[in-house]
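Architecture at a glance
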Amino acid sequence: MRSCVWSSRALSPALLPRLLSETRCCGHRLDRQGSVRFLTTAKDNHPTPLPSQARVVICGGGIVGTSVAYHLAKLGWTEIVLLEQGRLGAGTTRLCAGIVSVAKPISIESQMANYSNALYERLEEETGVKTAFVRTGSLCLAQNQDRFISLKRLASRLKVLGIACDVIKPKDVAKLHPLVNIHDLVGALHLPGDAVVSPPDVNHALAVAAVSHGEICLSAFLSNCRFMQSPFTHTSLYNDPPGVQIHDRTSVNHVLVEKGHVTGVETDRGPIECEYFVNCAGQWAYELGQSSEVKVSVPLHGCEHFYLLTKPLQEPLPPSTPVVMDMDGRIYVRAWQNGVLSGGFEKNPKPIFTEGRNQLEIQNMQEDWDHFEPMLNALLRRMPSLDSCEIHQLVNCPESFTPDMRCLMGETPGVHGYFVLAGMNSSGLSFAGGAGKYLADWMTYGYPSANVWPLDIKRFGNLQSSRTFLRHRVMEVMPLLYELKVPRWDFQTGRQLRTSPLYDRLDTQGARWMEKHGFERAKYFVPAGKDLLALDQSKTFYKPDWFDIVGAEVKCCKEAVCVIDMSSFTKFELTSSGDQALELLQRLCANDLNVPVGHIVHTGMLNERGGYENDCSVVRLSKNSFFIISPTDQQVHCWSWIKRHMPSDPQLHLEDVSWKYTALNLIGPRAMDVLSELSYVSMTPEHFPSLFCKEMSVGYANGIRVMSMTHTGEPGFMLYIPIEYALHVYNEVMSVGQKYGIRNAGYYALRSLRIEKFFAFWGQDLDSFTTPLECGREFRVKFDKHTDFLGREALLQQRQEGVIRRFIMLVLEDHDTELDLWPWWGEPIYRNGELVGVTTSSAYSYTLERHVCLGFVSPPSLDGNPTVVTPDFINRGDYEVDIAGQRYPAKAKLYPFSSLFAQQRRRKDDMELSNFQGK
């Protein structure tokens, strides 16, 4: 039979899926119980040539790639070409366990899974393709109180998203699942909306649905098929641009880039010109990124993942039986073809694929019963009646994992038009629908329709692309998927990647470390004589063991002087020969940068919607030179944002100088005394005003940028020290500071200080959807300067209409710090019994002797229309914060509580200086 391209415009929408589901392709049927087999001829004999050009090329025909194609087509995109190196859906998608669950660690992941769940349910109606969708619900089991607390916290967060869930007792588990042994359980979380599907069929349905919005190259589906009668109209030429073409047995060798933009792809069947490229290559996403003309970092690595299939049970479970997730046992279990499917995430994973592999090797990965034995034992403990069942198969399939257990999404920082959606951490089915939607929105509108910063690929840099780093980190990540994670836990692998010159010195003085963007930062300093092992192993949702240590550091910051190494902050220098640098910053920044030399300006870099893309401090070093200080994890994102808006001007230069400077934060009322002795210059406010920068000598070192700011609201200074002088300046500061009670402090103290001062941080409290008007920063917007800047029109409109959400501070009342669960972040906020918001960060205030939470609240909508926030709404409500299901009353304010509690502070008499010196 002659091969051809079929036009879906000539079809009844109901006929194409029916044809695809009923066709027999040279003896291969479309198997509803296994993989959906799409037939093509041999790789060197493709019936249909590739198009020479397209608007977007998607690499990867698994469920992630087909979801992107589907959502782009729904948004009206045409000339979409999806390429798959093997058969469509025959890779990891074919081997997926088929569970769609919203029980995810962060809200954006739960939102994606919830969307996927709804999408997969309606796909069958939309396409006519059976997807085996069954709303089973799921049970997350808790074998101990800490796990039960974590499930209660998850339930509170899911309810904020409108997702149904219930915290239940062990006896209720037995009613929902007849096989579960409940003798060692303390409770569970029931998620009635979770579901199971056939992943290959969902993949097939997404492809069909994508095609229904355009055309398809049916070589992937129908080549050499026999039809008794065909209602289709054959078209060999199109008058309109085709919608979606899917080509299997086609490999992408590399992506072509010119002047920082995608221009095409080179395949094993020839080149395709394109404007956009989407890397959905799953296991091969890393290698594909490295093979491009301009290397793209896609930090992920594969591990073997095992699950067991049994033969039908003597008393089969109903298909609607809930999925069981026994995270303490490290296993999951679902009903499967009258038997069960059970897999898990072992403590000793097996990384694979340090070099590229093909799909044949995926299909032939070997069983390893010795490796699976601990999970098999856990399964039999949880469901003892399975001891007599017969085993059908132990499946070994690859899954790709990322350095922080979150998927990779978005446009790459170095190549415009190159997007990535990969690294699903064994949740590809749950995430694919929602992630495909957000990425398609991003490509269409220039930004995603939700805050996806926790998933943005720009949270990583090239430093996380080391194969050794990735191999070691994913061996930790995979077990962590089911590990109990208390607040402020830290990765143990891939550490000491980026360190300050002071690292060894601080380490010997008792620094306990955490990692941010690969940089080691001190959390706190353990005094001599403390039990270091107990502190390192402290895991709790309650009052932590470091409470008194951090309290002492905070007290020293307020009454003497502390030094915090803040070298991890991102630092850029922007220079020009004329006014180009100022003009660029005036365009990018909401605040006015046309200030005298030496002045420091706190400002946001906003997008067109008025949301924060960056929150930074900018120092005018000279007329045409600026020093930009941004959060640590903004290094790649901020660089990309500035470069994206920079004109092509050889006289304008942006340099990342993060590695050139060590930053020391001197906090406290005696900081000026320390610096005065070291510089022989008066550091009083009269001689060194707030938000001012001078280059000075400190000790023997010259050219130190001393800035009168601390990022905490306390008095003090930031010292930006050329890296070769770092150790000398630190030693001098600590030596002179002894008489003033100086001590080291860490980021936990910094966090407590900034939260009690109501300071918002980007990435925690602020994001690309938060405007200055919503967080009380209108005074940092140059409305009166008549200077155009990104987001100005959006802010003017918002100022006229009023804000519908507002950043507030809440101080907990009737909360026992010693006995009650602590707030950390993500807790629901209630006003007069109604859900109005969620906390974004929190800390114990050692000044107020209470917990302080920061977060956003919005009034309930009226008739579906948003309601403007007023001061009366904030000030006259009765607020509560929900911590793991228990509500605590709280006092809400739009401004810091410092003055309110000044007379209530229960402070002891002034400490003698000897106390600060540890005597």
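Some remarks on the packing of aromatic side chains
- What the rule picks out here adds up to 26 aromatic pairs.
- Both rings, one in W369 and one in F372, keep their centres 6.3 Å apart while their planes meet at 85°; by these two values the pair is edge-to-face. Placement of the pair is W369 and F372 together in helix 10 (residues 369-382), with a separation of 3 residues, close to one helical turn.
- An angle of 50° between the planes, with centres 5.7 Å apart, marks the rings of Y524 and Y748 as tilted. Of this pair, Y524 sits in strand 24 (residues 519-525) while Y748 sits in helix 20 (residues 747-756), and the two are 224 residues apart along the sequence.
- Judged by relative accessible area, which is 2%, Y524 ranks as buried.
- A relative accessible area of 7% places Y748 in the buried class.
- Ring pairing ties together the aromatic residues Y524, W546, F547, Y748, W822, W824, Y844 and Y846, which thus form one cluster.

Considering the pairing of strand 22 (residues 418-422)
- With respect to burial, strand 22 is a largely interior element, 5 of its 5 residues being buried.
- Of the two faces of strand 22, both are covered, the one formed by Y418, V420 and A422 as well as the one formed by F419 and L421.
- Two elements, strand 21 (residues 408-411) and strand 22, share 4 bridges in a ladder whose sense is antiparallel. Residue pairing across strands places G410 opposite V420, the latter belonging to strand 22.
- The hairpin formed by strand 21 and strand 22 contains 6 residues between the paired strands, and G417 there has a positive phi angle of roughly 90°.

Considering the environment of G668
- Tracing the chain through its elements places G668 in the loop between strand 31 (661-667) and helix 18 (671-679).
- On the basis of relative accessible area, G668 is assigned to the buried category, the value being 3%.
- As for G668 and V563, which are separated by 105 residues in sequence, their C-alpha atoms are 9.0 Å apart.
- Apart from residues lying up to four places away in sequence, G668 is in contact with C557, A560, V561, P715 and G716.

Quick notes on helix 20
- In terms of burial, helix 20 is largely enclosed, as 10 of its 10 residues are buried.
- Those residues of helix 20 lying buried are Y747, Y748, A749, L750, R751, S752, L753, R754, I755 and E756.
- At the exit of helix 20 stands F758, carrying a positive phi of roughly 65°.

As for the packing of helix 2 (residues 63-74) against helix 11 (residues 428-445)
- Closest axis-to-axis distance for the helix 2/helix 11 pair is 8 Å, and the angle between their directions is 40°. With respect to helix 11, the element helix 2 is oriented oblique. Where helix 2 crosses over helix 11, the handedness of that crossing is right-handed. Of the residues in helix 11, those touching helix 2 at I63, V64, S67, V68, H71 and L72 are G428, L429, A432, G433, G436, K437, L439, A440, M443 and T444.

Brief notes about unusual backbone geometry
- Here Q496, not a glycine, exhibits a phi torsion of approximately 55°, which is positive.
- In this fold, Q496 is placed in the loop between helix 12 (467-480) and helix 13 (503-508).
- Despite not being glycine, H711 has its phi angle at roughly 70°, a positive value.

Focus: a nonpolar patch on the surface
- Residues L75, Y445 and Y447 make up a contiguous nonpolar surface patch of roughly 280 Å² in combined accessible area.
- With respect to the helices and strands, Y447 occurs in the loop between helix 11 and helix 12.
- Taking relative accessible area as the criterion, Y447 reaches 32% and is therefore assigned partly exposed.

Conventions used here
- Residues numbered from 1 in each chain as written.
- Predicted model: local features only at pLDDT ≥ 70, side-chain atom pairs only at ≥ 80, totals over all residues.
- Heavy atoms only, no water.
- Phe/Tyr/Trp six-rings, centres within 6.5 Å; stacked < 30°, edge-to-face > 60°.
- Helix = DSSP H or I, 4+ residues; strand = E, 2+ residues; numbered from the N terminus.
- Buried < 20%, exposed > 50% of the residue type's maximum accessible area, 1.4 Å probe, protein only.
- Pairing = 2+ DSSP bridges.
- Contact = heavy atoms within 4.5 Å.
- Axes fitted to C-alpha atoms, helices over the stretch in contact; angles between N-to-C directions.
- Parallel < 35°, antiparallel > 145°, perpendicular 65-115°, else oblique.
- Left-handed = near helix turned anticlockwise from the far one by under 90°.
- Patch = residues over 30% accessible without salt bridge, like charges linked within 9 Å, V, L, I, M, F, W, Y side chains within 5 Å.
- Areas by Shrake-Rupley, 256 points an atom, 1.4 Å probe, with all protein chains shown as cover.
- Salt bridge = Lys/Arg side-chain N within 4 Å of Asp/Glu carboxyl O.

Honestly, it's all geometry; don't read function into it.
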